[in-house]
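Inside the fold
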Amino acid sequence: MEPCVTFNPTELIEMAAVLGGVVVTGVVGYLAVRRARAARRRQIEQAGEGAPGALAEPEAEAEAPEAETPPPPSRPALKVAPQAAAPELKREPAAPQPAPGSAPVPVPEKTGQVIPFPVPGPVAVPVEKPTAAPAPVPARKKKDAAALAPGLAKTRSGWISRLGEVFAGRKELDPSVVDEIEKILLTADIGVRTSQKLLEEIRQSLSRQELREPDAVWAFLRQRTAEILTLETQEIDFGASRPFVLLIIGVNGSGKTTTIGKLAAKLVADGKKVLLAAGDTFRAAATEQLEIWGNRVGATLVRGKEGADPSSVIFEGARRAATEGFDVVIADTAGRLHTKTDLMQELQKVRRVLGKAVPGAPHETWLVIDSTNGQNAIAQAQIFTQAMQVTGIVLTKLDGTAKGGVVLGIADQLQIPVRFIGIGEKVDDLRRFDPEEFVEALYQTN
C-alpha cells in the first residue's frame, strides 16, 4: 500500500494561486488577440468600402482653384470625369466568427492589400488651338532642257558625243583613256587650265574602285560641269534701283546691239519703262540698229551725232531716265577704237560719268562674248576684266558653233557668272542662263 501524499494548507493555497494566474493570463491574452483581430478586420473592410470616396475627395478640393490655375502635370490621376463611375472594388469575405466557448478560428496572415488603379474615364485635357497647316511645298518645275537642246546641238556633237564614244562599249576604264579625254576637252575650247584641272581630278578618281566604270566617270564629269558653272551669285533685280543702269561692253561683232535689243524687248514685256543710250557713236550702224529695236519693242532711244563723245551721250541718257521716271537704262558702248588702250580708257570714262549722272551707276556691267571665238573669247574676257569691273557674261551665237565649251573655261578661270546665252535669232532665243538646265540639255542622250 502506497503512502498517501498530503499537502499542507499553505502549499494548496500557493498552487491554487499559480493555476489561477495561468488561467486568467490565458483568458486575457485570448480576448486581447481576438479583439485586435476583429478591429483589424473592420479597418480593412472600411478601407475597402471608402476607397472610391477617398479618390474622389481631392476632386472637391481641386474644384475651387481649378478655375484659376490648372492642376500640375505631375498629378494626372487626381481628376476623374464626373460621368466616369469609380470601379467596384472586390471585397474579401469576413472571417468566420468562432462559437462562444470554442477555440478561435485562425485567420490567414495578410501580407498586404493591392487596390486596382481605377480605369481612367474621359479626362478633361486642355485643347490647344489648331495651328494652320504649313503650305504645301510646290514640286520643283522640271527644267525646260528640251527647248535649249537644239541650240546646243553643235556643242554637244563636238564635245559630249565624242566623250560618249570613248566610254561606249567599255566595261572598265584604264589610265590610257585619259589621253583620249584630254584631246576632246582641248578641242572643245574649254581652255588648257580648265582641261588640266578636270583631267587631274579624273586621274585621282580612277584610283578608286567606284570610279572605274564608264558610267561612274560619265556621271563624275557631268557633276563637275554643273559645279563649275554654278557660281554663288544673286538673281538680277532690275527694280533694285530706279533707274537701274546696265552697261554693255564687248568687241564689235560680238552681238552687243542685238543683245541690247532682245533684252529691252523682255524688259518692256515685263512692264518696265526702258531707255536705250546709243553710246557706240563711232559706228553709225549701231545707232540705226538700236533705233529699229527701240521702235519695235517700245523703248526710248537717246542718240548723239556721229563721232560725238560716247560719255556725253550716255550721261544725257542717264540724266533723262532719272528725271522722266524710267525703270531701266541700257547703255551701249564702242567695241573698237584706234588702239586697245584707247578703248579701255574710254570705257572707264563712261563708267565714271554714269556715276555722276545716277549715284551708284552702273549697277551691272555685262561683257558680251561671241562663243564662236573659242579660246580667243577667254582672252578677250581677261582683257576687259582687267580694265572694267565686269559683273556678268552674255555668251552669244552658241547655236552656230561646236566651241560652246568656252562657257566652262570662262566660269572656271574668271569666276564671273553667265547671265544670258544666245541660241538663235528670235527674242526668246536670248535665254537666262541656268546651270542645271544647261547641263541637262548638254548631256542628254536623245
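Because the structure is predicted, anything quoted here is derived from the model rather than measured.

Cut-offs and rules
- Residues numbered from 1 in each chain as written.
- Predicted model: local features only at pLDDT ≥ 70, side-chain atom pairs only at ≥ 80, totals over all residues.
- Heavy atoms only, no water.
- Helix = DSSP H or I, 4+ residues; strand = E, 2+ residues; numbered from the N terminus.
- Buried < 20%, exposed > 50% of the residue type's maximum accessible area, 1.4 Å probe, protein only.
- Lys, Arg positive; Asp, Glu negative; His and termini not counted.
- Salt bridge = Lys/Arg side-chain N within 4 Å of Asp/Glu carboxyl O.
- Polar contact = N/O pair within 3.5 Å; in protein donor to acceptor, adjacent residues only side chain to side chain.
- Contact = heavy atoms within 4.5 Å.
- Arc of directions from axis to C-beta.
- pLDDT = per-residue confidence, 0-100.
- Axes fitted to C-alpha atoms, helices over the stretch in contact; angles between N-to-C directions.
- Parallel < 35°, antiparallel > 145°, perpendicular 65-115°, else oblique.
- Left-handed = near helix turned anticlockwise from the far one by under 90°.
- Pairing = 2+ DSSP bridges.
- Phe/Tyr/Trp six-rings, centres within 6.5 Å; stacked < 30°, edge-to-face > 60°.
- Right-handed = clockwise from strand over helix to strand, strands pointing away.
- Patch = residues over 30% accessible without salt bridge, like charges linked within 9 Å, V, L, I, M, F, W, Y side chains within 5 Å.
- Areas by Shrake-Rupley, 256 points an atom, 1.4 Å probe, with all protein chains shown as cover.
- Core = buried A, V, L, I, M, F, W, Y, C linked by side-chain atoms within 4.5 Å.
- Nonpolar A, V, L, I, M, F, W, Y, C, P; charged D, E, K, R; others polar.

Here we take up unusual backbone geometry. The linkage connecting R242 with the following residue, P243, adopts the cis geometry, with an omega of 0°. Looking at the element boundaries, P243 is found in the loop between α7 (214–229) and β1 (244–249). Along the chain, A361 connects to P362 via a cis peptide bond; the corresponding omega equals -5°. Note on placement: P362 falls in the loop between α11 (340–357) and β5 (364–370).

Looking at the secondary structure, you find D429 in the loop between β7 (418–422) and β8 (430–432). K262 provides the closest opposite charge to the buried, unpaired D429, separated from it by 5.7 Å. Within the structure, D429 has its side chain in polar contact with the backbone nitrogen of E425 (distance 3.3 Å). Not counting chain neighbours up to four residues away, the residues in contact with D429 comprise I421, G422, I423 and G424.

The full count for this structure, using the stated rule, is 13 salt bridges. Ionic pairing is found between K349 and D309, a salt bridge with its closest N-O pair at 3.3 Å. With a gap of 40 residues between them, K349 in helix α11 and D309 in the loop between β3 (300–302) and α10 (310–324) connect regions that are remote in the sequence. Taking relative accessible area as the criterion, D309 reaches 32% and is therefore assigned partly exposed. Between K397 and D370 there is a salt bridge whose closest N-O contact spans 3.3 Å.

On to helix α5 (residues 177–187), then. It helps to recall that an α-helix has 3.6 residues per turn; residues three or four apart then point in one direction. Along α5, the positions that sit buried rather than exposed are V177, V178, I181, I184 and L185. Take α5 and look down its axis: the buried residues cluster within an arc of 120°, on one side only. Residue D189 follows α5 closely and has a positive phi angle near 60°.

In the predicted model, the chain carries a mean pLDDT of 77, and the fraction of residues at 70 or more is 73%. Across the chain, the element-wise mean pLDDT spans from 40 in helix α2 (residues 51–66) up to 98 in strand β4 (residues 328–331). Taken together, the stretch residues 49–95 has pLDDT below 50 and engages in 26 contacts with residues farther than four places along the chain or on a different chain. Segment residues 107–143: pLDDT under 50, and 21 contacts once partners within four positions in sequence are set aside and those in other chains are kept.

So, on to the packing of α7 against helix α13 (residues 406–414). Contact geometry for α7 and α13: axes closest at 8 Å, N-to-C directions at 55°. Classified by the angle their axes make, α7 and α13 are oblique. Remark: the crossing between α7 and α13 carries left-handed chirality. For the pair formed by α7 and α13, the contact residues are T225, I228 and L229 on the first element and V407, L408, A411 and D412 on the second.

Let's shift gears to the sheet that holds β3. Taken together, the eight strands give an open sheet; going across it, the order is β3-β2-β4-β1-β5-β6-β7-β8, and neighbouring strands pair in mixed fashion. The open sheet has two free edges, formed respectively by β3 and β8, since each of these has just one partner strand. Averaged over neighbouring strand pairs, the angle between their axes works out to 25° when direction is ignored. One ladder, built from three bridges, connects strand β2 (residues 274–277) with β3; its direction is parallel.

Bringing the packing of aromatic side chains into the picture now. Throughout the structure, instances matching the rule amount to five aromatic pairs. Between W218 and Y443 the ring centres are 5.5 Å apart and the planes differ by 70°, which places this aromatic pair in the edge-to-face class. One end of the pair, W218, is in helix α7; the other, Y443, is in helix α14 (residues 435–443), with 225 residues separating them in the sequence. Accessibility expressed as a relative area gives 3% for Y443, which makes it buried. For the ring pair F238 and W366, a centre distance of 6.3 Å and an interplane angle of 75° mean the geometry is edge-to-face.

Attention shifts here to the pairing of β2. Side-chain positions along a regular strand alternate between the two faces of the sheet. Of the two faces of β2, both are covered, the one formed by V274 and L276 as well as the one formed by L275 and A277. Pairing analysis gives four bridges linking β2 to β4, with the strands arranged parallel. Bridging from a neighbouring strand, L276 pairs with I330 of β4. You can see the chain leave β2, run along helix α9 (residues 284–297) and come back into β3, and the turn it takes is right-handed.

Taken together, the side chains of V23, V27 and L31 present a nonpolar region at the surface, about 260 Å² in accessible area. Within the secondary structure, V27 sits in helix α1 (residues 9–49). Residue V27 is classed as partly exposed on the basis of its relative accessible area of 44%.

As a further point, take the pairing of β4. By the alternation rule, side chains of β4 split into V328 and I330 and V329 and A331, which are all buried. Where β1 lies against β4, four bridges are found, and the strand directions are parallel. Looking at the pairing, L246 lines up with I330 of β4.

Here T323 is to be found in helix α10. Here the alpha-carbon distance between T323 and P243, two residues 80 residues apart in the chain, equals 9.5 Å. Of the polar contacts made by the side chain of T323, one reaches the backbone oxygen of R320; its length is 3.1 Å.

Here we take up the nonpolar core. Counting 73 residues, the largest nonpolar core has W159, I421 and F438 as its most contacted members. F244, I260, L263 and L430 belong to the second-largest nonpolar core, a separate cluster that totals 25 residues.

Bringing the packing of helix α8 (residues 256–269) against α9 into the picture now. Any two packed helices are characterised by how steeply their axes cross, that is the angle between the axes, and by the distance between the axes. Two elements in contact, α8 and α9, have axes whose closest approach is 9 Å; the angle formed by their N-to-C orientations is 15°. By the angle class used here, α8 and α9 are roughly parallel. Here the hand of the crossing between α8 and α9 comes out right-handed. Along its contact with α8, which presents T257, T258, I260, G261, K262, A264, A265 and V268, the element α9 presents A286, Q289, L290, W293 and V297. Taken together, the residues of the contact of α8 with α9 sort by class into eight nonpolar, four polar and one charged.

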